Amino acid sequence: MINKVTLVGNVGKDPEIKYLDQDTVVARFPLATSESYNNPNGERITNTEWHNITIWRGLAKVVEKYVKKGDLLYLEGKIRTRSYDDKDGVKKYFTEVQVNEMKMLGKRGDSDNGATSHDTSTSAAPADSSQTFTNDSGDDTDDLPF
């Protein structure tokens, strides 16, 4: 069985970073992906899907340092669904993409997609903004039986 997700989209808000201890960091943020088409009347329709993104450990530290709202990212990971009981005892489900590879593609508006550009004068970015980052913690469990 394969559980693999590949997304290219824009960060919906600045990542939330939590340090669980010195070595365990988690970053969470929404990512928007969009698709456009022309309906039978010739009108351009754009549908946007929002994804809950979770990134752990060293890759989360990269997110903390470089990723901001509006950034265009290429992400690879897997889908995970968690459940919890709310205050009324009703079981709720939360689906997220746990990312293990990230490539920063630039700021929103850097591509020719017609999006408006954001001020990046206060944003830090790595010298090579197309660098790929991976989580190589070695403790990522694999669902493959071999």
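Trainee: I keep staring at the overall build of the protein and nothing clicks. Help me out?
Mentor: Of regular secondary structure, the protein possesses one helix and seven strands. Along the chain direction, N to C, the helices and strands of the protein fall in the order β-β-β-β-α-β-β-β. For the protein, with 146 residues in total, the buried portion stands at 30%. Contacts in the protein between residues at least 24 apart in sequence constitute 63% of all its contacts with a sequence separation of at least 6. Total accessible area on the protein is roughly 9800 Å²; 46% of this is exposed by carbon and sulfur atoms.

Trainee: Even after reading the chapter, I still don't get the pattern of salt bridges, so can you show me in this structure?
Mentor: Pairs can form between side chains of opposite charge whenever their charged atoms are close. What the rule picks out here adds up to five salt bridges. For E16, the salt bridge identified is with K13, shortest N-O distance 3.1 Å. Accessibility expressed as a relative area gives 42% for E16, which makes it partly exposed. On the basis of relative accessibility, which here comes to 39%, the residue K13 falls in the partly exposed class. Linking D86 and K92 is a salt bridge whose minimum nitrogen-to-oxygen distance equals 4.0 Å.

Trainee: Whenever I open this one, unusual backbone geometry confuses me. Can you help?
Mentor: Generally, phi is negative for residues other than glycine and the peptide bonds are trans, each holding for most cases. One non-glycine residue, R57, lies in positive phi territory at about 55°. By the element assignment, R57 lies in helix α1 (residues 57-66). Owing to a relative accessible area of 29%, R57 belongs among the partly exposed residues under this scheme.

Trainee: Please clarify how the side chain of E96 should be interpreted in this entry.
Mentor: As for its placement among the helices and strands, E96 is situated in strand β6 (residues 91-106). Exposure remark for E96: the relative accessible area of 2% places this residue in the buried category. Within polar-contact distance, the side chain of E96 engages the side chain of T54 at 2.6 Å. Only 3.0 Å separates the side chain of E96 from the side chain of R82, close enough to count as a polar contact. When near neighbours in sequence (up to four residues on either side) are disregarded, E96 contacts R28, N52, T54, K78, I79, R80 and R82.

Trainee: Got a minute to help me understand the nonpolar core in this structure?
Mentor: If you look at soluble globular proteins, the nonpolar side chains tend to sit buried side by side. F29, I53, I55, L73 and M102 are the most contacted members of the largest nonpolar core, which has 21 residues in total. Within the residue set of this core, elements represented by two or more residues are β1 (5-11), β3 (25-38), β4 (44-56), α1, β5 (72-85) and β6. With five residues, the single largest contributor to this core is α1. Discounting residues that sit within four places of it in the chain, I55 has contacts with V25, V26, A27, F29, A60, V63 and V99.

Trainee: Before we go on, may I ask you to explain the confidence of the model for the protein in this structure?
Mentor: Note that predicted coordinates carrying low pLDDT should not be read in detail. Residue-level pLDDT values for the protein average 81, and 73% of them are 70 or greater. When the criterion is pLDDT under 50, residues 111-129 qualifies, and its contacts beyond four places in sequence or with other chains add up to 17 contacts. Low pLDDT, under 50, characterises residues 138-146; the predicted model gives this stretch six contacts beyond four residues in sequence or across chains.

Trainee: Would you mind showing me how to read the pairing of β5 here?
Mentor: Inspection of the sheet shows β1 paired to β5 by six bridges, in the antiparallel sense. Residue V8 lies in a different strand from β5, and its bridge partner there is Y74.

So, how was this worked out
- Residues numbered from 1 in each chain as written.
- Predicted model: local features only at pLDDT ≥ 70, side-chain atom pairs only at ≥ 80, totals over all residues.
- Heavy atoms only, no water.
- Helix = DSSP H or I, 4+ residues; strand = E, 2+ residues; numbered from the N terminus.
- Buried < 20%, exposed > 50% of the residue type's maximum accessible area, 1.4 Å probe, protein only.
- Contact = heavy atoms within 4.5 Å.
- Areas by Shrake-Rupley, 256 points an atom, 1.4 Å probe, with all protein chains shown as cover.
- Salt bridge = Lys/Arg side-chain N within 4 Å of Asp/Glu carboxyl O.
- Polar contact = N/O pair within 3.5 Å; in protein donor to acceptor, adjacent residues only side chain to side chain.
- Core = buried A, V, L, I, M, F, W, Y, C linked by side-chain atoms within 4.5 Å.
- pLDDT = per-residue confidence, 0-100.
- Pairing = 2+ DSSP bridges.

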